[in-house]
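# A closer look at the structure
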Amino acid sequence: MSARVFVPADSGALSVGAEQVARAILAEAEQRREPVTLVRNGSRGLYWLEPMVEVETRAGRIAYGPVRAEDVPDLFAAGFLSGHSHRLGHGLTDHIPYLAGQERLTFARVGLSEPLNLADYCEQGGFVGLRRALEMPPDALIREVTDSGLRGRGGAGFPTGVKWSTVGKAVAATKYVVCNADEGDSGTFSDRMLMEGDPYCLIEGMIIAARAVGAQEGYIYSRSEYPHAFAILASAIQRAREAGYLGPDILGTGQAFDLEVRLGAGAYICGEETSMLESLEGRRGLVRFKPPLPAISGLFGQPTVINNVMSLASVPVILAKGSAFYRDYGVGRSQGTLPFQLAGNIRHGGLVEKAFGLTLNELLYDYGGGSASGRPIRAVQVGGPLGAYLPESRFDVPLDYEAYSRIDAMIGHGGIVAFDDRVDMAKMARYAMEFCAIESCGKCTPCRIGSQRGVEIIDRIVAGRERSKNLILLDSLCDTMVNGSLCALGGMAPYPVRSALQHFPADFGIDTSGIAERERTETVPSRRI
Amino acid sequence: MPHASAPPDDPTPFNTDAVREVIRAAASVPGAMLPVLHAVQGHLGHIPSEVVPLVAQALNVSRAEVQGVLDFYHDFRRAPPGRHLVWICRAESCQAMGAEAIETHARNHLGLAYHETTADGALTLEPVYCLGNCACSPAVRVDGEIHGRMDPIRFEKLVEELRAETVTA
């Protein structure tokens, strides 16, 4: 009998040699005349074990990793095809504590099988949510999503059902569903993993959204930095169309909806929703004034639902299992789960989907295993390049939207980047301003000019030139950017800067004892949201 | 911010009819500007200034509109790149894992700053702000492939392979 062996084709796994491992397994199998069926699945998200090879046994899937091509003959010799033990073995994949402790709702299928295999998707619960949605009147469908408590997973946390309701009520000949797949925040990769590992889940979520609001056309705006995700989505859309899930008459219901995946061109700002619309319409990604909201006047001036990949990919399970099932996860007004992404200087980097309410301590140490370098974790940036840097004293704050906003931080897209004690936080603060300057669309002055001035002021502070005066100036500049910028890029770039200054003043050359301490607390008030 | 530098003169000849056909094929979708420019760049490797009026005509927009879009997006290049494109990720996660050492190595050993091409024309170096491979930082991208857990020694090897490959080709 041919053994089923899984080697991920996820771009993260490929980036550390999965292709070579897959080839070595086929070559070794042929040479030994031990037949294998190779399955190129998505990643299970245990990236420190990638390339992670799994073998199907009667007891379940057994994991080995990280496997290098040169380990393959040894694995065969040890009998890995029958799940025998090996120094790279981790036993049953589902029992690996990192995975066993998770609450995978959105990521339930990712890594289980070949991403483009439609039959596998259906077998694993795919399209159950869609079939239920197609039988529901649109307002009931919107109510189901509202009741689930789902909030925009792209970072803003706006209730998804409310957004859908606005578009649903708008009257127009054409409405759109646009998926924001421009996952530009450093430390985030859940969108990429899902698009590469379970593309039909996103497509299903978009069809449900279209049904709910009465949209006929949809776009997925994907980053050019994600060539694999783009290729997989394009194939998945094609196959879904051929199978009748997309097109003029979805599953014989008379509902029409079709999708196109559109490639960005390397501009971070196009992750901002109105800038993304400009880009989709074929222009420079300049941020639009709001109002009008995109829900009223969005793509090509029509009512448009814009949701992040994670929001849309969470919709099928909500429809399949009901709003109460989803809502019962989480805390307070942060309901459901969030796929957190552990990145940076972390021993066990990867994807951890958990209900809201756990802490950074649990993520960094119970899951992450501490820093990769073995040194103390000194700072953690949560929520991407516009998120605050948090010191150890904040690692016990529960991860929910409101608790984070109370400590002047944001969960954002759930990206968590750890730094060890060698990090220079003044340099990171400078980088935040530099990044803003590079990626600013240039439309509003606080962002375009402010970020450039921010770099210069931080340079002067670090060099010790008129430090007190420049600290006051930096604070005032941050106020201007927060209050005067058109969108979150200029409006939030001060967050990493201020948090770095607040929690790590010594890195800026600020003497934290005596008089200097008083001066610091006077000149660096906590920012407001 | 959009790139501020003026486009270098680009004398590379191209087949205008073939480019017109590439533009036409990509121009049928709504808001076709980015798909058209991606298609042209896929065809020619870059977007010569002579293409700007062709695109403007096909999409019924002004040349300034096309030029503005070209300048805004980091991906669109106005001059031919090296035979391979190498991006080093400069974002936070990769910084936390030593991306700067790779940057320094590129600068000192290849003598390359960002946006520059090696003298042998083998590769062009570009910065990138996140490749979505943050759990395997630091990351670089070579053409369509991402490489994770990079370090200066592996980077050197990767670059040598690219240069050797183009010499024998």
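Residues numbered from 1 in each chain as written. Chains lettered and ligands numbered in written order. Predicted model: local features only at pLDDT ≥ 70, side-chain atom pairs only at ≥ 80, totals over all residues. Heavy atoms only, no water.

## Remarks on the interface of chain B and chain A
Counting residues at the interface gives 41 residues for chain B, matched by 65 residues for chain A. Carbon and sulfur atoms make up 55% of the surface buried where chain B meets chain A, a total of about 4000 Å² over both sides. Linking chain B with chain A are 2 salt bridges. For lysine 427 of chain A, the salt bridge identified is with glutamate 100 of chain B, shortest N-O distance 3.0 Å. Those elements that provide at least two residues to the side of chain B that touches chain A are helix 2 (33–44), helix 4 (63–72), helix 5 (92–96) and strand 4 (145–147) of chain B. (Contact = heavy atoms within 4.5 Å. Buried area = accessible area lost by both parts, 1.4 Å probe. Salt bridge = Lys/Arg side-chain N within 4 Å of Asp/Glu carboxyl O. Helix = DSSP H or I, 4+ residues; strand = E, 2+ residues; numbered from the N terminus.)

## What about the side chain of serine 440 of chain A?
For serine 440 of chain A, the position within the fold is in the loop between helix 17 (425–439) and helix 18 (445–462). A polar atom in the side chain of serine 440 of chain A sits 3.1 Å from the backbone nitrogen of glycine 442 of chain A. (Polar contact = N/O pair within 3.5 Å; in protein donor to acceptor, adjacent residues only side chain to side chain.)

## What to know about the sheet that holds strand 2 (residues 123–128) of chain B
Residues and elements named next belong to chain B. Strands sit in the order 2-1-3-4 across an open sheet of 4 strands; the sheet is mixed. The strands lining the two open edges of the sheet, one partner per strand, are strand 2 and strand 4. The sheet shows a mean angle of 25 degrees between the axes of neighbouring strands, taken without regard to direction. Of the pairings in the sheet, the one linking strand 1 (residues 84–89) to strand 3 (residues 140–142) comprises 3 bridges and is antiparallel in character. Note that in strand 3 the partner of tryptophan 87 across the bridge is arginine 141. Contacts between helix 6 (residues 99–110) and the sheet are confined to strand 1 and strand 2, with strand 1 contributing the most and set at about 140 degrees to the helix. (Pairing = 2+ DSSP bridges. Axes fitted to C-alpha atoms, helices over the stretch in contact; angles between N-to-C directions.)

## Points about the packing of helix 3 (residues 51–59) of chain B against helix 4 of chain B
Residue and element names in this part refer to chain B. At a closest axis distance of 8 Å, the pairing of helix 3 and helix 4 adopts a crossing angle of 115 degrees. Handedness of the crossing formed by helix 3 with helix 4: right-handed. The segment helix 3 lies against helix 4, with Val52, Pro53, Val55 and Ala56 engaging Arg63, Val66, Gln67 and Leu70. Looking at the contact of helix 3 with helix 4, its residues break down into 6 nonpolar, 1 polar and 1 charged. (Left-handed = near helix turned anticlockwise from the far one by under 90°. Nonpolar A, V, L, I, M, F, W, Y, C, P; charged D, E, K, R; others polar.)

## Some details on the pairing of strand 12 (residues 337–344) of chain A
Residue and element names in this part refer to chain A. Buried residues dominate strand 12, accounting for 8 of its 8 residues. One ladder, built from 6 bridges, connects strand 12 with strand 13 (residues 350–355); its direction is antiparallel. Within strand 13, the residue paired with leucine 338 across the bridge is lysine 354. Between the antiparallel neighbours strand 12 and strand 13 lie 5 residues. Examined bridge by bridge, strand 12 and strand 16 (residues 415–420) share 4 bridges and lie parallel to one another. Note on strand 16: the bridge partner recorded for glutamine 341 is glycine 415. (Buried < 20%, exposed > 50% of the residue type's maximum accessible area, 1.4 Å probe, protein only.)

## Some remarks on the confidence of the model for chain B
All names here are of chain B. Residues at a pLDDT of 70 or more form 91% of chain B, whose mean pLDDT is 91. Low pLDDT, under 50, characterises residues 1–7; the predicted model gives this stretch 15 contacts beyond four residues in sequence or across chains. Across the interfaces of the predicted complex, the ipTM metric reaches 0.93, alongside a pTM of 0.95. (pLDDT = per-residue confidence, 0-100.)

## Considering the nonpolar core
Membership of the largest hydrophobic core comes to 158 residues, with the highest contact counts inside it found for Trp164, Leu202, Ile220 and Leu474 of chain A together with Tyr73 of chain B. The leading source of residues in this core is helix 10 (residues 199–213) of chain A, at 11 residues. Counting residues in each nonpolar core, the second largest holds 33 residues, with Leu342, Val380, Val397 and Ile411 of chain A among its members. (Core = buried A, V, L, I, M, F, W, Y, C linked by side-chain atoms within 4.5 Å.)

## Looking at the sheet that holds strand 3 (residues 53–57) of chain A
All names here are of chain A. Spatially, 2-1-3-4-5 is the arrangement adopted by the 5 strands of the open sheet, whose pairing is mixed. Each edge of the open sheet is held by one strand with a lone partner, namely strand 2 (36–39) and strand 5 (89–92). Pairwise comparison of adjacent strand axes, ignoring direction, gives a mean angle of 25 degrees for this sheet. As paired elements, strand 3 and strand 4 (residues 60–64) share 5 bridges and run antiparallel to each other. When the sheet's bridge partners are listed, glutamate 56 is paired in strand 4 with arginine 61. Contacts between helix 2 (residues 18–32) and the sheet are confined to strand 1 (3–6), strand 2 and strand 3, with strand 2 contributing the most and set at about 170 degrees to the helix.

## Looking at the packing of helix 19 (residues 467–484) of chain A against helix 21 (residues 494–503) of chain A
Residues and elements named next belong to chain A. At a closest axis distance of 10 Å, the pairing of helix 19 and helix 21 adopts a crossing angle of 150 degrees. Where helix 19 crosses over helix 21, the two elements pack in a sense that is left-handed. Across the interface between the two elements, Leu471, Leu474, Asp475, Cys478, Asp479, Met481 and Val482 of helix 19 pack against Pro494, Tyr495, Val497, Arg498 and Leu501 of helix 21. Each residue belonging to the contact of helix 19 with helix 21 can be placed in one class, and the counts come to 9 nonpolar, no polar and 3 charged.

## Comments concerning the domain arrangement of chain B
The assigned domain composition of chain B is domain 1 (16–72) and domain 2 (84–166). A straight line from the C-alpha centre of domain 1 of chain B to that of domain 2 of chain B covers 29 Å. (Domains from an automatic or database assignment.)

## Some words on unusual backbone geometry
All names here are of chain A. Cis geometry is adopted by the peptide bond preceding proline 66, which originates at glycine 65 and carries an omega value of -5 degrees. Structurally, the position occupied by proline 66 is in the loop between strand 4 and helix 3 (72–77). With an omega of -5 degrees, the peptide bond between lysine 290 and proline 291 qualifies as cis. When you line up the elements, proline 291 lands in the loop between helix 12 (273–280) and strand 9 (304–308). In the Ramachandran plot, phenylalanine 127 falls in the positive-phi region, its phi being about 70 degrees despite a non-glycine side chain. Secondary-structure assignment places phenylalanine 127 in the loop between helix 5 (118–123) and helix 6 (128–135).

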